[in-house]
Amino acid sequence: MRITIERSNLLKSLNHVHRVVERRNTIPILSNILLKADGTNLDMKATDLDLEITEATPANVEQAGATTVPAHLLYDIVRKLPDGSEVLLATNTDGSSMTVASGRSKFSLQCLPESDFPDLTAGTFSHSFRLKAKEFKMLIDRTQFAISTEETRYYLNGIFFHTIESSGELKLRSVATDGHRLARADVNAPSGSEGMPGIIIPRKTVGELQKLLDNPDVDVTVEVSDAKIRLTISNIVMTSKLIDGTFPDYQRVIPANNDKEMRVDCQTFAQAVDRVSTISSERGRAVKLALTDGQLLLTVNNPDSGSATEEVAVGYDTDPMEIGFNAKYLLDITAQLSGDEAIFLLADAGSPTLIRDTAGDDALYVLMPMRV
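Computed from a prediction, not measured in an experiment: that's the story for all the values here.

S.K.: Can you explain the pairing of strand β25 (residues 363–367)? Please cite residues and give values.
M.R.: Burial analysis of β25 places five of its five residues in the buried class, the great majority of the element. Along β25, one buried face is formed by Ala363, Tyr365 and Leu367 and the opposite face, lined by Leu364 and Val366, is buried too. As defined by bridge partners, strand β13 (residues 181–188) adjoins β25 across five bridges and the pair is classed as antiparallel. For Arg184, the partnering residue across the bridge sits in β25 and is Leu364.

Given below as structure tokens:
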């Protein structure tokens with residue numbers, strides 16, 4: 001294999017692909033990235049056996065061929081090469097090493113044979129549809145913060161995607177919950193998604209996907225089966241295993257009869273919560289909300305370090321009430337709201353609260369209260 005390629009193109013593709021590779025691997029080939037030169041492209045592929053990303057990049061191919069080299073090492077080398085430079089990638093005659101040369105810099109990397117590189121065979125996909133990157137990113141951005149990190153409830157370690165009838169329209173919906181809070185977002189279901197199986201996309205795949213959806217106007221092709229998902233974004237193809245489990249019936253925890261409405265300026269509220277929670281213990285982080293007519297009093301008490309209060313003007317004209325929440329969870333949710341105001345729909349101190357955005361996108365949040 002012998003090719004020359006622009007550093008900027010090589011770096012951009014390596015940046016997308018190398019992140020899949022775990023820093024520590026017991027299987028040596030999984031530390032490597034597969035490079036395949038053919039025609040006018042260099043194809044790169046990386047996998048951790050659950051997730052695979054491939055990307056094609058234009059290159060000047062003098063001699064076609066394929067090999068695998070350490071992913072993070074190659075990325076670090078290319079990252080440190082000067083801007084605007086050309087990079088030569090060439091394997092030696094027996095394929096045991098690859099030269100990376102640019103200007104006066106020259107590196108020799110050990111190779112492992114291409115035949116050892118695993119292939120995450122996709123199988124057949126039952127459903128295929130196209131979605132604007134902007135819409136897909138919204139579904140992920142609005143919900144990913146609520147993904148559980150508790151490994152014992154593995155079926156909560158991802159985002160649940162499914163289609164559902166809502167207000168007479170078919171929606172593509174994303175849901176994530178960790179048992180303390182729940183996030184839900186909808187977009188109009190694209191053609192081809194009707195009847196797709198409900199799937200749980202793992203947390204690592206979600207994180208990588210967020211970084212790949214950087215151009216809002218690109219179309220994403222989504223292919224789904226019971227066990228895998230394949231996403232094509234321009235010249236990048238991502239294939240991932242899905243979480244094999246049943247997502248709980250989240251509809252049951254979304255309150256329907258919360259009749260106490262509080263409207264508050266989102267930024268003012270978030271800043272006030274952030275300020276008073278400075279004093280709270282990291283472990284509890286509980287903030288008490290005391291609501292009276294047109295007024296909200298935020299209070300934090302920490303027996304070790306003192307207390308803090310702040311008043312915020314709100315739109316509220318129902319019975320006075322007090323309720324406690326985890327401050328971090330409140331801040332996580334308000335960070336997702338794009339409207340000027342947040343709408344809190346409350347029932348009582350022991351029941352879940354519903355939080356909505358005024359910006360009009362189809363997202364809602366449920367937050368469990370804390371004892372304070």
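S.K.: How would you sum up helix α6 (residues 327–334)? Please name residues and give values.
M.R.: Since one α-helical turn is 3.6 residues long, residues separated by three or four positions face the same way. Most of α6 sits out of view: seven of its eight residues are buried. Taken as a whole, α6 has its buried residues at Ala327, Tyr329, Leu330, Leu331, Asp332, Ile333 and Thr334. For α6, the side-chain oxygen to backbone nitrogen distance between the N-cap and Lys328 is 2.8 Å, and the N-cap itself is Asn326.

S.K.: Any details on the UniProt feature "domain: DNA polymerase III beta sliding clamp N-terminal" (unreviewed entry) in the protein? Residues and values, ideally.
M.R.: The sites that carry the UniProt feature "domain: DNA polymerase III beta sliding clamp N-terminal" (unreviewed entry) are, in the present numbering, residues 1–120. Each end of residues 1–120 is marked by a C-alpha atom, and these two atoms are 24 Å apart; helix forms 18% of the span and strand 46%.

S.K.: Help me get a handle on unusual backbone geometry, residues and values and all.
M.R.: A positive phi angle, near 80°, is found at Leu49, a position not held by glycine. Considering the arrangement of structural elements, one finds Leu49 in the loop between β3 (41–47) and β4 (51–58). Of note, the phi angle at Ser234 is positive, near 55°, even though the residue is not glycine. Turning to its location among the elements, Ser234 is positioned in the loop between β16 (228–233) and β17 (236–241). Here Ser234 falls in the exposed class, since its relative accessible area comes to 54%.

Definitions and limits used
- For every chain, the first residue of the written sequence is number 1, and numbering continues from 1 along that sequence.
- Under the rules for a predicted model, residues below a pLDDT of 70 receive no local features and side-chain atom pairs below 80 are neither given nor counted, while totals for whole chains, interfaces and linings still include all residues.
- Only hydrogens and water are set aside when side-chain values are computed; all heavy atoms of the structure are taken into account.
- For every residue, the accessible area (1.4 Å probe, protein chains only) is compared with the maximum for its type, and the residue is labelled buried under 20%, exposed over 50%, or partly exposed between those bounds.
- Helix and strand definitions follow DSSP, with helices as H or I runs of at least four residues and strands as E runs of at least two, each counted in order from the N terminus.
- A pair of strands is labelled paired if DSSP reports no fewer than 2 bridges between them.
- By the criterion applied in these results, polar contacts are pairs of N or O atoms within 3.5 Å in which, for protein atoms, one can donate a hydrogen and the other can accept it, and in which residues neighboring in sequence qualify only through two side-chain atoms.
- UniProt positions are given in the numbering used here, feature names are shortened, and annotations may be inferred rather than shown by experiment.

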